[in-house]
Amino acid sequence: MDTPTNPIAPTSRWMAAARARESERVDRLFDDPLAAALSGPEGFAWLEHMESAARSDSPGLYPVIRTRFFDDFLLDACRRLGVRQVVLAAAGLDTRAFRLNWPPQVCLYEMDLPEVLDAKEEVIEAAGARASCERRTVRVDLSQETWPEALLDAGYQPERPSVWLIEGLLFYLPRAAVHGLLEKVGALTVTGSLLGLDVMNRGLFFSPVAWPMQAALARRGAPGRFGMNDPETLMARHGWEADVTQPGEEGANFGRWPRPMLPREVPGLPRSFLVRARRS
Ligand code: SAM
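As a starting point, this report considers the structure included with it. (Residues numbered from 1 in each chain as written. Predicted model: local features only at pLDDT ≥ 70, side-chain atom pairs only at ≥ 80, totals over all residues. Heavy atoms only, no water.)

On to the packing of helix 1 (residues 11-23) against helix 3 (residues 58-79). For the pair helix 1 and helix 3, the least separation of the axes is 9 Å and the interaxial angle reads 80 degrees. On the basis of their axis angle, the class for helix 1 and helix 3 is roughly perpendicular. Taking contact as the criterion, the partners of Trp14, Met15, Ala18, Arg19, Arg21 and Glu22 in helix 1 are, on helix 3, Pro59, Gly60, Pro63, Val64, Arg66 and Thr67. Split into classes, the residues belonging to the contact of helix 1 with helix 3 amount to 6 nonpolar, 2 polar and 4 charged. (Axes fitted to C-alpha atoms, helices over the stretch in contact; angles between N-to-C directions. Helix = DSSP H or I, 4+ residues; strand = E, 2+ residues; numbered from the N terminus. Parallel < 35°, antiparallel > 145°, perpendicular 65-115°, else oblique. Contact = heavy atoms within 4.5 Å. Nonpolar A, V, L, I, M, F, W, Y, C, P; charged D, E, K, R; others polar.)

See below:
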């Protein structure tokens, strides 16, 4: 990732920086001992820049709430529902394979760009970290048609239930790419499989509150592109029954969300949605 070919790749370092900072708190929502090394100075610079552009701690807090929310989602799928295949699409510098306590026989696939997974591997090797599940990395460009083949080659079994996570990606993609990705995930999953993802609303693109951060992202070549006010409809279109939560609401608060959460009916506000879906 020294000279990233994809401008979205370095956002993975920003996410790692947020997790590193969280890990230092006494009341942390998770502990990610690899995050600081994975972030490096570049990740902390991104975090600082985005928080100063947004004039709030949201660019750091949102990924923290999201991380814990989907930690719980993935573990529940494996522990309670017995799923044994976990797929992290656009895994970035995520370390769930190492830091979560997986039940036996879980196989976790991390898909991301080669430049991201190569840089991640260097840090993991240097730290001598050991995964607590079977971990398989799949170097792919998710905008290409061929990535499902790479996942199948890595051992993924589409006829068996799986739990997927698309975290921190859809916001950056053109609309057609979002639908293309969800279509492929649909073709790779059987009834009863689960999918977690996050998506921003359209208000994020129209609200003056969000403009400075949008501008900061655009200057770094990674502008936000996709937003949607009704994730339930998006998911239904691709064959998923969705349960949608906003950060701050029950189940995504953890005693840490600082602002009152306004109902979805209130128009014009920037919002993010944490989606848990089941293949119908
Ligand atoms: N899910 C991780 C997390 O929450 O920490 C990473 C999120 S980061 C904001 C976005 C990730 O999307 C980056 O790791 C980037 O490399 C990945 N990404 C963007 N476009 C991609 C593509 N076409 N193929 C594969 N990965 C992509």
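Back to the text.
Turning our eyes to something else, we now look at the side chain of Arg96. Within the fold, Arg96 resides in helix 4 (residues 96-99). Among the polar contacts listed, one links the side chain of Arg96 to the side chain of Asp71, at a separation of 2.7 Å. Of note is the side chain of Arg96, whose polar atom sits 2.4 Å from the side chain of Asp94. Those residues in contact with Arg96 that lie beyond four places of it in its chain are Arg66, Thr67, Phe70, Asp71, Leu74, Trp102, Leu165 and Glu167. (Polar contact = N/O pair within 3.5 Å; in protein donor to acceptor, adjacent residues only side chain to side chain.)

Moving on: the site of the ligand. Inspection of the region around the ligand gives 21 residues, with Ala90, Asp112, Asp141, Leu142 and Glu167 positioned closest. Contact between the ligand and Ala90: a nitrogen atom at 2.8 Å from a main-chain N or O atom of the residue. Between the ligand and Asp112, the relevant distance is 2.7 Å, taken from an oxygen atom to a side-chain nitrogen or oxygen of the residue. In isolation the ligand has 590 Å² of accessible area, and contact with the protein removes 98% of it. Class assignment for the residues of the shell around the ligand results in 10 nonpolar, 6 polar and 5 charged. (Near = heavy atom within 4 Å. Areas by Shrake-Rupley, 256 points an atom, 1.4 Å probe, with all protein chains shown as cover.)

This brings us to the packing of aromatic side chains. The description of an aromatic ring pair uses the distance of the two centres, along with the angle that the planes make with each other. Counted by the stated rule, this structure contains 8 aromatic pairs. Here Phe70 and Phe73 contribute two aromatic rings whose centre-to-centre distance is 5.9 Å and whose plane-to-plane angle is 75 degrees, an arrangement assigned as edge-to-face. Placement of the pair is Phe70 and Phe73 together in helix 3, with a separation of 3 residues, close to one helical turn. Considered together, Phe70 and Phe73 belong to a single accessibility category, that of buried residues. (Phe/Tyr/Trp six-rings, centres within 6.5 Å; stacked < 30°, edge-to-face > 60°. Buried < 20%, exposed > 50% of the residue type's maximum accessible area, 1.4 Å probe, protein only.)

With that settled, the discussion passes to the pattern of salt bridges. For the structure on display, the rule yields 21 salt bridges. Arg276 is paired through a salt bridge with Asp243; the nearest N and O atoms lie 3.0 Å apart. Here Asp243 lies in strand 6 (residues 240-245) and Arg276 lies in strand 7 (residues 272-279), a separation of 33 residues in the sequence. Judged by its relative accessible area of 29%, Arg276 falls in the partly exposed class. Three or more residues are tied together by salt bridges with common partners; here these are Arg66, Asp71, Asp94, Arg96, Arg99, Glu167 and Asp198. (Salt bridge = Lys/Arg side-chain N within 4 Å of Asp/Glu carboxyl O.)

Our focus in this paragraph is the pairing of strand 5 (residues 194-200). Across the 7 residues of strand 5, 7 count as buried, placing the element largely inside the fold. Where burial is concerned, the two faces of strand 5 agree: the one with Leu194, Gly196, Asp198 and Met200 and the one with Leu195, Leu197 and Val199 are both buried. With 4 bridges joining them, strand 4 (residues 163-166) and strand 5 adopt parallel strand pairing. Bridge pairing in strand 5 links Leu165 to Gly196. Running through helix 7 (residues 175-187), the crossover from strand 4 to the neighbouring parallel element strand 5 is right-handed. Looking at chain direction, strand 5 and strand 7 are connected through 7 bridges and run antiparallel. Among the inter-strand pairings, Gly196 is bridged to a residue of strand 7, identified as Arg276. (Pairing = 2+ DSSP bridges. Right-handed = clockwise from strand over helix to strand, strands pointing away.)

On the basis of which strands lie adjacent, the open sheet formed by 7 strands has the order 3-2-1-4-5-7-6 and mixed pairing. Edge positions in the sheet fall to strand 3 (134-139) and strand 6, since each has one partner strand and no second. For this sheet, the mean angle separating the axes of adjacent strands, direction not counted, is 20 degrees. Those strands touched by helix 5 (residues 114-127) are strand 2 (107-112) and strand 3, and its axis lies near 145 degrees from that of strand 3.

Of the strand pairs in this sheet, strand 2 and strand 3 are connected by 6 bridges, and their pairing is parallel. The partner of Cys107 across the bridge, within strand 3, is Glu134. Handedness of the crossover joining strand 2 and strand 3 through helix 5 is recorded here as right-handed.

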